[in-house]
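The primary structure of each chain is shown beneath.
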Amino acid sequence: MPYFAYKARNAGGEMIEGGFEAASSGAVADVLLGQGVVPLEIRESRPAAKGGGLEISLFKPKVGHIDLLLFSRQLHTLLKAGVPILRALAGLQESAINPAMKAVIQDVRESLEGGRELSVALSRHPRVFSPFYVSMVRVGEATGLLEEIFLRLFEHLEFERFMREQVKSALRYPAFVVIAMAAALVVINLFVIPAFAKVFSGFGSELPLMTRILLATSNFFVEWWPYMLAAVIGAALVFRSWVATPAGRYQWEAIALRFPIAGKIVHKAALARFARSFALGTRSGVPVMQALANSAMTVDNSYIARRIDAMRDNVERGESVLRAAITTKIFTPVVLQMVAVGEESGALDDMMEEIGQMYQRDVEYELKTLGAQIEPILIVCLGALVLVLALGVFLPMWDLGKAAFKR
């Protein structure tokens, strides 16, 4: 795309200069006028070199969740203000900080200029815009409520971001403690216990059982640590390859739901995403079956997603949403009762919104108390480790001290 340099005057009459990429000089003028700037001269030019003419990019930038969040919010604001979609996209392209997002907006704008619909232009970038996102935009185009759809998408993306941040913050402390314990175990077996082994070898008497177990474990670590390290790395690579397959991911995410503490949090978080996205779709005029299909793409758990797809199939065969939800066996009786009330009253979208909020509150509470739930387990494990080390190291010295005292 060509680069255009411009000279213009702002609202205060001051001369300003700059430049950016655009499809034509007319597109540059539209962007400037949309910013309240009067263009005086627009000419095609070359962009100024950065860093002395040498620009090195080791890693290709990617579009992050925050980029999509800002895109949805800003596009809603511009459309609500009456700015045409092409001019709005040109302004967002100019103000985008992430080069990857800038390139995506540029391609979307060129697709619109070529006569494509916005939903079709967005679908050309499946790694940035999910099928759920594209489907909601398609509904906005059909109903003429595109600016409202982008506001709802922003709220949905904000909810997704909040959930992820809450989970990360809750798991940070337990993960740090587990890693520290594993590192301490390796250091003790490789360096500390071998030093005591030299002392114990001079006792000339039979060592206690706990000490013999520690010495055998330490010898195993010392002799086999390269193979153990290779086995751990190989297992991690095999696990990643297995999870990358659809069948492996389905089995792993089904197992993750059965974890004692984290499983219920993952389950409730997935159902909160489903309920919020389903309510968003039906409230925006999406048919129930399409709303179920779109919601299955947002739960971030293939096991629950497959259950929701089965729920959609049952609805397609003529069953009610309540009976289809019962067959999935992933909803609590309270939720099923709320679905029944919503279906009978014709306010299913409101009830699903309530369900989403209820699950969100449950997840927030579980995450706030996650540290308190895991901390006793970590303390018991740490105490058991210290006890084993203390008995293994000090029992021989205690026996030696008693023998010397008897003499």
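This write-up is about the structure you can find in this document.

Quick notes on the rules
Per chain, residue numbering runs from 1 following the sequence as it is written. Per-residue local features of the predicted model are confined to residues with pLDDT of at least 70, and side-chain atom pairs are confined, for both listing and counting, to 80 or more; whole-chain, interface and lining totals are unaffected and use all residues. Hydrogens and waters are ignored; side-chain quantities use all the structure's heavy atoms. Secondary structure elements follow DSSP: runs of H or I of four or more residues count as helices, runs of E of two or more count as strands, with numbering from the N terminus. Residue burial is assigned from relative accessible area. The probe radius is 1.4 Å, only protein chains are included, and a residue is buried under 20% of its type maximum, exposed over 50%, and partly exposed in between. Should any heavy atoms of two residues lie within 4.5 Å, those residues are considered in contact. All accessibility values rest on the Shrake-Rupley procedure with a 1.4 Å probe; residue burial counts only the protein chains present in the view. The angle between two axes is taken between their N-to-C directions and runs from 0 to 180 degrees, where each axis is a line fitted to C-alpha atoms and a helix contributes only its stretch in contact. Here roughly perpendicular refers to angles of 65 to 115 degrees, roughly parallel to angles under 35, roughly antiparallel to angles over 145, and oblique to all remaining angles. Should the near helix be turned counterclockwise from the far one by less than a right angle, the crossing is left-handed, whereas a clockwise turn marks it as right-handed. Ten residue types, Ala, Val, Leu, Ile, Met, Phe, Trp, Tyr, Cys and Pro, are classed as nonpolar, four, Asp, Glu, Lys and Arg, as charged, and the remainder, Gly among them, as polar. Residues forming no salt bridge and having over 30% relative accessible area are the ones grouped into patches, like charges within 9 Å of each other and nonpolar side chains (Val, Leu, Ile, Met, Phe, Trp, Tyr) within 5 Å. Should a side-chain nitrogen of Lys or Arg be within 4 Å of a carboxyl oxygen of Asp or Glu, the pair is scored as a salt bridge. Note on aromatic pairs: the rings of Phe, Tyr and Trp (six-membered ring only in Trp) are paired at centre separations within 6.5 Å, and the planes decide the class, stacked below 30 degrees, edge-to-face beyond 60, tilted for the rest. Criterion for a charge above a ring: Arg CZ or Lys NZ at most 6 Å from the ring centre, at most 35 degrees from the ring normal.

Describing the overall build of the protein
Step number 1: Check the secondary structure of the protein and you find 16 helices and three strands.
Step number 2: For the protein, with 407 residues in total, the buried portion stands at 38%.
Step number 3: Contacts in the protein between residues far apart in sequence, at least 24 positions, make up 60% of those at least 6 positions apart.
Step number 4: Here the protein has roughly 23,400 Å² of accessible surface; of this, 62% comes from carbon and sulfur atoms.

Digging into the packing of helix α14 (residues 333-345) against helix α15 (residues 348-368)
Step number 1: In contact at an axis separation of 7 Å, α14 and α15 are set at 160° when each is read in the N-to-C sense. Classified by the angle their axes make, α14 and α15 are roughly antiparallel. The two elements α14 and α15 cross, and the hand of that crossing is right-handed. For the pair α14 and α15, contact is made by V335, M338, V339, V341, G342 and E343 and by L348, M351, M352, E354, I355, M358 and Y359, respectively.

A closer look at unusual backbone geometry
Step number 1: Phi at K329 is positive, roughly 60°, even though this residue is not glycine.
Step number 2: Structurally, K329 can be placed in the loop between α13 (321-328) and α14.

Observations concerning the packing of helix α10 (residues 262-283) against helix α12 (residues 302-316)
Step number 1: Closest axis-to-axis distance for the α10/α12 pair is 11 Å, and the angle between their directions is 40°. Between α10 and α12, the interaxial angle falls into the category oblique. Our pair here, α10 against α12, has a crossing hand that is right-handed. When α10 is examined against α12, the residues H267, A270, L271 and F274 are found in contact with a partner set consisting of I304, I308 and M311.
Step number 2: For the contact of α10 with α12, the residue count by class is six nonpolar, one polar and no charged.

Remarks on a nonpolar patch on the surface
Step number 1: A cluster of nonpolar side chains, namely W225, L229, I233 and L237, defines an oily patch on the protein surface of about 420 Å² accessible area.
Step number 2: Structurally, the position occupied by W225 is in helix α8 (residues 209-244).
Step number 3: Classification of W225 by relative accessible area gives partly exposed; the value is 45%.

Observations concerning the packing of aromatic side chains
Step number 1: In total, this model carries twelve aromatic pairs according to the counting rule given.
Step number 2: Their ring planes at 45° and their centres at 5.8 Å tell us that F274 and F331 sit as a pair that is tilted. Taken as a pair, F274 in helix α10 and F331 in the loop between α13 and α14 lie far apart in primary sequence, 57 residues in all. This pair shows no difference in class: F274 is buried, exactly as F331 is.
Step number 3: The side chain of R73 reaches across the aromatic face of F154, ending 5.1 Å from its centre.
Step number 4: The ring of Y250 carries R306 above its face, with NZ or CZ at 3.8 Å from the centroid.

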